[in-house]
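Each chain, letter by letter, is given below.
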Amino acid sequence: MTGLLIALLSGALMSVQGVFNTQVTRNSSVWVANIWVQLTALLVCFAAWLVTERKSFAGIWTVEPKYMLTGGMIGAFITYTVIVSMDKLGPARAALFIVTAQLILAYLIELTGIFGVGKQTLTVRSVIGLAVTVAGVAIFKW
């Protein structure tokens, strides 16, 4: 239940953040807004680290495979694409396409077992769920 509530909160925060970032972009640029987002995120993370755990940063260098350390770089492009898509499509349509893409790719990652994720089997129920999601996108768009 906790995981579900946190996932719902994550989705809500992503939508609000996308709207805020798009507004900041209107007074600056996409990359300036992105820098601001990443900088303020760094400050919040640093403050939370100081208050909650104080674990060593040395563990970062033991992460294998090393490409797993590129998540922050991916995050910069996530912020960029969310800002641009919300500006071009509006918050609801952008969120709909973003979540649909997340769902499809996450399921493909589970099916193939790439990136160290436990491999899952293809089920008819999951395929129907994805088809309903795509149908929902089509209905919402038109």
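Only a predicted model underlies this, so the values are computations on that prediction, with no experimental measurement involved.

Participant: Give me the environment of Gly71: which residues, what numbers.
Facilitator: Assignment of secondary structure puts Gly71 in helix H3 (residues 71–89). Taking the relative accessible area as the measure of exposure, Gly71 reaches 41% and is therefore partly exposed.

Participant: Mind laying out the packing of helix H1 (residues 2–26) against helix H2 (residues 30–52), listing which residues take part and the relevant values?
Facilitator: Contact pair H1 / H2: the axes reach a minimum separation of 8 Å and the direction vectors enclose 130°. With respect to their mutual orientation, H1 and H2 come out oblique. Crossing angle aside, the handedness with which H1 passes H2 is right-handed. Where H1 abuts H2, its residues Gln17, Asn21, Val24 and Thr25 lie against Val30, Ala33 and Val37. Here the contact of H1 with H2 is composed, by residue class, of four nonpolar, three polar and no charged.

Participant: Tell me about the environment of Tyr80, and please be specific about residues and values.
Facilitator: With respect to the helices and strands, the residue Tyr80 is situated in helix H3. Residues Tyr80 and Leu4, spaced 76 residues apart in sequence, show a C-alpha to C-alpha distance of 27 Å.

Participant: Outline the side chain of Thr22, supporting the account with residue identities and numerical values.
Facilitator: Tracing the chain through its elements places Thr22 in helix H1. Owing to a relative accessible area of 5%, Thr22 belongs among the buried residues under this scheme. There is a polar contact of 2.7 Å between the side chain of Thr22 and the backbone oxygen of Gly18. Setting aside its immediate chain neighbours within four residues, Thr22 contacts Ile83, Met86 and Asp87.

Participant: Which residues make up the pattern of salt bridges, and what are the values?
Facilitator: Throughout the structure, instances matching the rule amount to two salt bridges. Residues Arg26 and Asp87 are paired through a salt bridge, measuring 3.3 Å at the closest nitrogen-oxygen approach. One end of the pair, Arg26, is in helix H1; the other, Asp87, is in helix H3, and 61 residues separate them in sequence. Of the residues examined, Arg26 reaches a relative accessible area of 52% and is grouped as exposed. The exposure class assigned to Asp87 is partly exposed, which follows from its relative accessible area of 39%. A salt bridge links Lys66 to Glu64, with the shortest nitrogen-to-oxygen separation between them at 3.4 Å. Assessed through its relative accessible area of 38%, Lys66 is described here as partly exposed. The exposure class assigned to Glu64 is exposed, which follows from its relative accessible area of 58%.

The rules behind these values
Residues numbered from 1 in each chain as written. Predicted model: local features only at pLDDT ≥ 70, side-chain atom pairs only at ≥ 80, totals over all residues. Heavy atoms only, no water. Helix = DSSP H or I, 4+ residues; strand = E, 2+ residues; numbered from the N terminus. Buried < 20%, exposed > 50% of the residue type's maximum accessible area, 1.4 Å probe, protein only. Axes fitted to C-alpha atoms, helices over the stretch in contact; angles between N-to-C directions. Parallel < 35°, antiparallel > 145°, perpendicular 65-115°, else oblique. Left-handed = near helix turned anticlockwise from the far one by under 90°. Contact = heavy atoms within 4.5 Å. Nonpolar A, V, L, I, M, F, W, Y, C, P; charged D, E, K, R; others polar. Polar contact = N/O pair within 3.5 Å; in protein donor to acceptor, adjacent residues only side chain to side chain. Salt bridge = Lys/Arg side-chain N within 4 Å of Asp/Glu carboxyl O.

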